[in-house]
Amino acid sequence: MNRRVMDLWVGVFVVIGFAAVLFLALKVSNFSASSFATTYEITAKFDNIGGLKARGPVKSAGVVVGRVAEIRFDPQTYEANVVLKIDSQYQFPNDTFASILTSGLLGEQYIGLDAGGDERMIPAGGTIAKTQSAIVLEKLISQFLFNKASEGKKDAGAQ
Amino acid sequence: MRLIERFFSVIGANTIDRVWRLGFAARFFLAMLSHSGETFRRPRLLLRELYASGVLSLIIILVSGLFVGLVLGLQGYDTLQRYGSSEALGILVALSLVRELGPVVAALLFASRAGSSMTAEVGLMKATEQLAAMDMMAVNPLARIMAPRFWGGVLSMPLLATLFTAAGIFGGWLIGVIFIGVDEGAFWAQMQANVSFRDDVFNGIIKSAVFGVAVSLIAVFEGFDAVPTAEGVSRAITRTVVTSALAILALDFVLTSFMFRGL
Amino acid sequence: MIELQGIHKTDEILRLMTIPYVEINGLDFAYGDRQILSGIDMQLPKGKLTAIMGGSGCGKTTLLRLIGGQIKPDRGSLKVAGHEVSRFNERELYDMRRRMGMLFQFGALFTDLSVYDNIAFPLREHTRLPESAIRDLVLLKLEAVGLRGAAQLMPAELSGGMARRVALARSVALDPELILFDEPFTGLDPISLSIIATLIRRLTDALGATSVMVTHDVHESLAVVDYVYFMAGGRMVGSGTPAELRVSTDPYVYQFVHAQPDGPVHFHYPADNLDEQLLAGAA
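Here the structure is a predicted model, which means the values were calculated and not measured.

A. Spatial organisation of the environment of Thr238(B). Structurally, the position occupied by Thr238(B) is in helix H10 (residues 230–259). Between the C-alpha atom of Thr238(B) and that of Thr119(B), which follows or precedes it by 119 residues, the distance is 9.3 Å.

Pasting the structure below:
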């Protein structure tokens, strides 16, 4: 086996191998610059996080601006503390609303941020004061049934 | 009663033998690692092995990857379109390949093609006393023959697995978008939105690297440990392929449960 | 003509005459339960060609591997140039092997290298000579064995005798002080046999090397060696110069030298009484 030819083929092999990695990184997955961009952390407290998972997206106006870093249970307040990592280029006002929303009808849950009008921004390590917990399906259904039942009673009572 | 006794004693002896062999293999692995310096000081050795395990496996990897992708596309579309989710074909093909099929199938193919060839080479060198002759000429065969083959395999494997995955995605695209007519934009867009580099692609590469170490080690060890006859070498080759396959699948389970636990 | 039986008298004379390059005392080696060698005493004088002879399974190849350091003895001492081989670490062992050459039974040439590269191998590994110097050395070694024209052939293209000669050239590539030959005459035609025997003699003399040959070819070896050690069943049973052995009346030596089918080395593999076995079958 001629040495030069062998070297050439090994070179080709390594090059196309790395090209494949690049292909996977850029065309196939969402490897964008912001995956490794600088971030800062803020905390939000919820009564119920529903199906929110770590590494779930944090969106504002539908655009991904960060990720859920950690979900902790606070044994003092019996609330869920969710730590969010927000991309450093985005700042949010103090009165921002954080709610847990569902993607589509039955999709994954994410945190949606509704920016308020305050001039002061939430600092790194700060907390979001206004939060809305996730909508738990069972509670919704039992609420609906309860309403339906009390309506029926009212009708029956009125008659 | 005597039969049951014999049954257990055979199993016991077999197990002890296997455990001993495992220990022997572990010592071999450590010895080979400590003699790996030469492999990297003489790039020519490594280059030859990259050619033998990597370049010569390209065709089977690319063609198989393409076919797996084609089949994924077909089967995937058939099932998804029943629930009106044919636009998710890109996600299906990409995630299946990147997370599982790419590393695992490529490793199995690698074991059959490159692994068996490594075992054959080393085993035959043992049977024809070439390893002993080299040892008597004060050149350590571990450093000269086995370590380069091991490292050649370890370095080739992730590249081959990635190429397999890329070929597969191409195959899925070919069937889905070109032949069946799934929307091209949706195919790529949904795929990109749902395949994470860190969680999926990177983990897949780690898997293939682990498989590479396992298969290369098994292949070189079986050759080193082969009975130095023609029959012994052929049995060693068979052992390489079988043991590699089992190791790959077992490691796949272990790695998957670590990597994809939280998602 | 002195009638010499056993090892001891010859040893004393040898010791007075020459300095032993390899000295073996009370060597024992067992593989699992099988005792392969027991109480071996041997002296290989410097610059002489010695043969170790014996029937199949007498342990002579094991002895050769012990000398080369491929295996370690259980008991006894094995000294090469005054150093105890069994106590060598890897580096010391490799240092010794650089001054040693070994010819394997079927050559053991590297099948992926050409004849030229096979002989150049030890030169490239252990010296820093430039390619031009290596080229000269390789061609000279090939010339010594008569195969300079075959330099570019691959081992697969060589006949048995030619492969053996190339292996011989490779074993003396670094001008070793000690050369080991493992059954160098096996499977060769009469012409090649004679060529190899002559080459072994010539190279030993030219290099002043200490050569040890393991063989059971009586005719060719007695013609070229200086001294012979005889083994049977893992023990040394006789020794002497070729002339002495040809006229020895020691039963082992006699049976071997005169190629007799039966004697101390039995024809029959141990078995029960024939009549009893036949009768048992019939009953």
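B. Main features of the sheet that holds strand E4 (residues 79–87) of chain A. Residues and elements named next belong to chain A. The strand order E7-E1-E4-E3-E2-E6-E5-E8 describes an open sheet built from 8 strands, whose pairing is mixed. Every interior strand has two partners, whereas the edge strands, strand E7 (127–128) and strand E8 (130–132), have only one. Pairing analysis gives 4 bridges linking strand E2 (residues 57–60) to strand E3 (residues 63–74), with the strands arranged antiparallel. Following the sheet pairing, Pro57 is matched in E3 by Arg67.

C. Structural view of the sheet that holds strand E5 (residues 83–84) of chain C. All names here are of chain C. Taken in spatial order, the 4 strands make up an open sheet running E2-E1-E4-E5, and their pairing is antiparallel. The open sheet has two free edges, formed respectively by strand E2 (34–45) and E5, since each of these has just one partner strand. The pairing of strand E1 (residues 20–31) with E2 spans 8 bridges and is antiparallel. Across the sheet, the residue bridging to Glu23 is Gln43, located in E2.

D. A look at the packing of helix H1 (residues 3–28) of chain A against helix H3 (residues 43–54) of chain B. The N-to-C vectors of H1(A) and H3(B) enclose an angle of 65°; their axes lie 9 Å apart at closest approach. Like other packed secondary-structure pairs, H1(A) and H3(B) cross with a definite hand, here left-handed. Note on element contacts: H3(B) touches H1(A) through Leu47(B), Arg48(B), Leu50(B), Tyr51(B) and Gly54(B), opposite Met6(A), Asp7(A), Trp9(A), Val10(A) and Phe13(A).

E. Spatial organisation of the interface of chain B and chain C. Counting residues at the interface gives 9 residues for chain B and 12 residues for chain C. Looking at the side of chain B that touches chain C, its residues break down into 6 nonpolar, 2 polar and 1 charged.

F. Spatial organisation of the interface of chain B and chain A. Opposite the 25 residues of chain B that make contact, chain A presents 19 residues. Looking at the side of chain B that touches chain A, the elements that each hand over two or more residues are H3, helix H5 (89–127), helix H7 (141–180), helix H8 (184–194) and helix H9 (197–225) of chain B. If one sorts the elements of the side of chain B that touches chain A by residue count, H7(B) sits on top with 6 residues. Broken down by class, the residue content of the side of chain B that touches chain A amounts to 16 nonpolar, 6 polar and 3 charged.

G. Spatial organisation of the nonpolar core. Counting 157 residues, the largest nonpolar core has Ala94(B), Ala107(B) and Val215(B) as its most contacted members. By residue number, the principal contributor to this core is H5(B), which donates 20 residues. Val215(B) has contacts with Ala107(B), Phe110(B), Ala111(B), Gly115(B), Gly153(B), Met157(B), Ser244(B) and Ile248(B), leaving out every residue within four places of it along the chain. Core analysis: the next-biggest nonpolar cluster, separate from the first, contains 20 residues, Ala44(A), Leu52(A), Val68(A) and Ile111(A) among them.

H. Broad picture of the pairing of strand E6 (residues 109–114) of chain A. All names here are of chain A. Of the strand pairs in this sheet, E2 and E6 are connected by 3 bridges, and their pairing is parallel. Each bridged residue has a counterpart across the sheet, and for Lys59 the counterpart in E6 is Gly112. Across 6 bridges, strand E5 (residues 97–102) lies against E6 in antiparallel orientation. Within E6, the residue paired with Phe97 across the bridge is Asp114.

I. Geometry of the packing of helix H4 (residues 58–80) of chain B against H5(B). Residues and elements named next belong to chain B. Direction vectors running N to C along H4 and H5 enclose 145°, while the axes themselves pass 10 Å from each other. Remark: the crossing between H4 and H5 carries right-handed chirality. Of the residues in H5, those touching H4 at Ile60, Ile61, Ser64, Val68, Gly69, Leu72, Gly73, Gly76, Tyr77 and Leu80 are Leu89, Leu92, Val93, Ser96, Leu97, Leu101, Val105, Ala106, Leu109 and Arg113.

J. Representation of the pairing of strand E4 (residues 75–80) of chain C. Residues and elements named next belong to chain C. Pairing between E1 and E4: 5 bridges, direction antiparallel. Bridge pairing in E4 places Asn25 opposite Ser77. Bridge analysis of E4 against E5 gives 2 bridges, and the strand direction is antiparallel. Opposite Val80, over in E5, you have His83 as the bridge partner. Between the antiparallel neighbours E4 and E5 lie 2 residues, among them Ala81 with a positive phi of about 50°.

Cut-off values and rules
- Residues numbered from 1 in each chain as written.
- Chains lettered and ligands numbered in written order.
- Predicted model: local features only at pLDDT ≥ 70, side-chain atom pairs only at ≥ 80, totals over all residues.
- Helix = DSSP H or I, 4+ residues; strand = E, 2+ residues; numbered from the N terminus.
- Pairing = 2+ DSSP bridges.
- Axes fitted to C-alpha atoms, helices over the stretch in contact; angles between N-to-C directions.
- Left-handed = near helix turned anticlockwise from the far one by under 90°.
- Contact = placed C-beta atoms within 7 Å.
- Nonpolar A, V, L, I, M, F, W, Y, C, P; charged D, E, K, R; others polar.
- Core = buried A, V, L, I, M, F, W, Y, C linked by C-beta atoms within 7 Å.
- Buried ≥ 20, exposed ≤ 12 C-beta atoms within 10 Å, placed from the backbone.

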